[in-house]
Amino acid sequence: MKKKVAISQSNYIPWKGYFDLINQVDLFVFYDDVKYTKNDWRNRNKIKTPNGLKWLTLPCGYDFNRLICDVKLQNQIWQQKHWEILRQNYSNAPYFNTYQELFKNVYFEKKWTYLSELNQHLIKLICNLLEIKTDFEDSRNYNLKGAKEDRVVDLLKKVNATEYLTGPAAKSYLSEETFLNEKIELTWMDYSNYKKYNQLYPPFVHEVSIVDLLFNEGENAKNILNLK
């Protein structure tokens, strides 16, 4: 039986392309038992504001000799701060009121300790809003062997993948020959040709958090992403 799989580190309120990738596969595996990287998308993302793009960054400290799943959030001050920034910049968006209680609950009903736990919770919550039916797994549930490409292949074999969908950045370290030998089809995600939508604060920018699309387009977000 065919089984299309994607593997990725969890990111903080990722951009729309992340959810497009999830939607296109049967199984999405969170890959958080790998090294935490500086200035990446694990603990931050961008939103639109009247003064241009703004980073929302989670306080994770400066120890980069950790796995993503071991990264602790340093305090809870960010929870109220991030919610206030979202409210200030999107309260006039057409569908902010539709989703505000849902997101407000994330920021106020629980004190988050681990970055990975928060990221995965938000990603699953947003998938539910977008009616994405993909199954989720966590790479920590598997006793993986090897490093880099070998580790990814080991994981794919253990989840019985017949096809691996991944972003174009992986072309720098994945060998198509390796996947051919393992009888796993290697396909590349295309993040081009996304439609523009009604967005506050021109000019239009694609590379912002999915919350921008949700607050501005509501249920129509599914059509913007051609979700099936």
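As shown above, the structure is provided for reference.
Definitions and limits used
Residues numbered from 1 in each chain as written. Predicted model: local features only at pLDDT ≥ 70, side-chain atom pairs only at ≥ 80, totals over all residues. Heavy atoms only, no water. Helix = DSSP H or I, 4+ residues; strand = E, 2+ residues; numbered from the N terminus. Rg over C-alpha atoms; globule rule 2.2 N^0.38 Å. Buried < 20%, exposed > 50% of the residue type's maximum accessible area, 1.4 Å probe, protein only. Contact = heavy atoms within 4.5 Å. Axes fitted to C-alpha atoms, helices over the stretch in contact; angles between N-to-C directions. Parallel < 35°, antiparallel > 145°, perpendicular 65-115°, else oblique. Nonpolar A, V, L, I, M, F, W, Y, C, P; charged D, E, K, R; others polar. Pairing = 2+ DSSP bridges. 1 Å grid on protein atoms, 1.4 Å probe; cavity = no way out; pocket = protein on both sides within 12 Å on 5 of 7 lines; lining within 4 Å. Points joined across faces, edges and corners; volume = space filled by probe spheres on them.

Peer 1: How should the overall build of the protein chain be read in this particular structure?
Peer 2: The number of helices and strands found in the protein chain is 8 helices and 7 strands. Taken over the C-alpha trace, the protein chain has a radius of gyration of 18 Å; the compact-globule value for 228 residues is 17 Å, and the two agree within 12%. By the burial criterion, 51% of the 228 residues in the protein chain qualify as buried. Considering only residue pairs separated by 6 or more positions, the protein chain has 65% of its internal contacts joining residues 24 or more positions apart.

Peer 1: Hey, could you run me through the packing of helix α1 (residues 16-23) against helix α4 (residues 115-129) in this one?
Peer 2: In helix packing, the relevant descriptors are the interaxial angle and the interaxial distance, both defined with respect to the helix axes. Here α1 crosses α4 at 70 degrees, and the two axes come no closer than 11 Å. It follows from the interaxial angle that α1 and α4 lie roughly perpendicular. Across from Tyr18, Phe19 and Ile22 in α1, the residues of α4 making contact are Ile123, Ile126 and Cys127. Split into classes, the residues belonging to the contact of α1 with α4 amount to 6 nonpolar, no polar and no charged.

Peer 1: Got a minute to help me understand the sheet that holds strand β1 (residues 4-8) in this structure?
Peer 2: The strands making up a sheet associate through hydrogen bonds between their backbones, and the pairing can be parallel or antiparallel. Spatial strand order, β5-β2-β1-β6-β7: 5 strands in an open sheet with parallel pairing. Two strands close off the open sheet at either side, each with one partner strand: β5 (135-138) and β7 (185-188). Neighbour-to-neighbour, the strand axes of this sheet turn through a mean angle of 25 degrees, independent of strand direction. In the sheet, β1 pairs with strand β2 (residues 27-30) via 4 bridges, with the strands oriented parallel. Residue pairing across strands places Ser8 opposite Phe30, the latter belonging to β2. Across the sheet, α4 lies against β2 and β5, angled at about 170 degrees from β5, the strand it touches most. Sheet strands in contact with helix α5 (residues 148-158) are β1, β2 and β6 (163-166), and its direction is about 140 degrees off that of β1.

Peer 1: Looking at this model, I keep getting lost on the layout of surface pockets. Mind explaining?
Peer 2: One simple way to see leftover space: roll a probe sized like a water molecule over the atoms. In this structure, the largest pocket occupies an estimated 980 Å³ of space. Of all the secondary-structure elements, those providing two or more residues to the lining of the largest pocket are β1, α1, α5 and β6. Ranked by the residues each element gives to the lining of the largest pocket, the list is headed by α5, at 3 residues. Counted by class, the lining of the largest pocket contains 18 nonpolar, 7 polar and 7 charged residues. If you add up the space inside the second largest pocket, you get close to 220 Å³. For the lining of the second largest pocket, the class distribution of residues is 6 nonpolar, 6 polar and 3 charged.

Peer 1: Looking at this structure, I do not really get unusual backbone geometry. What am I missing?
Peer 2: In this structure, the amide linkage connecting Pro202 to the following residue, Pro203, adopts the cis form with an omega of 5 degrees. Of note, Pro203 is situated in the loop between β7 and α7 (210-217). Residue Ile13 is not a glycine yet carries a positive backbone phi of 30 degrees. Classification of Ile13 by relative accessible area gives buried; the value is 1%. Of note in the backbone geometry, Glu131 takes a positive phi value of approximately 60 degrees without being a glycine.

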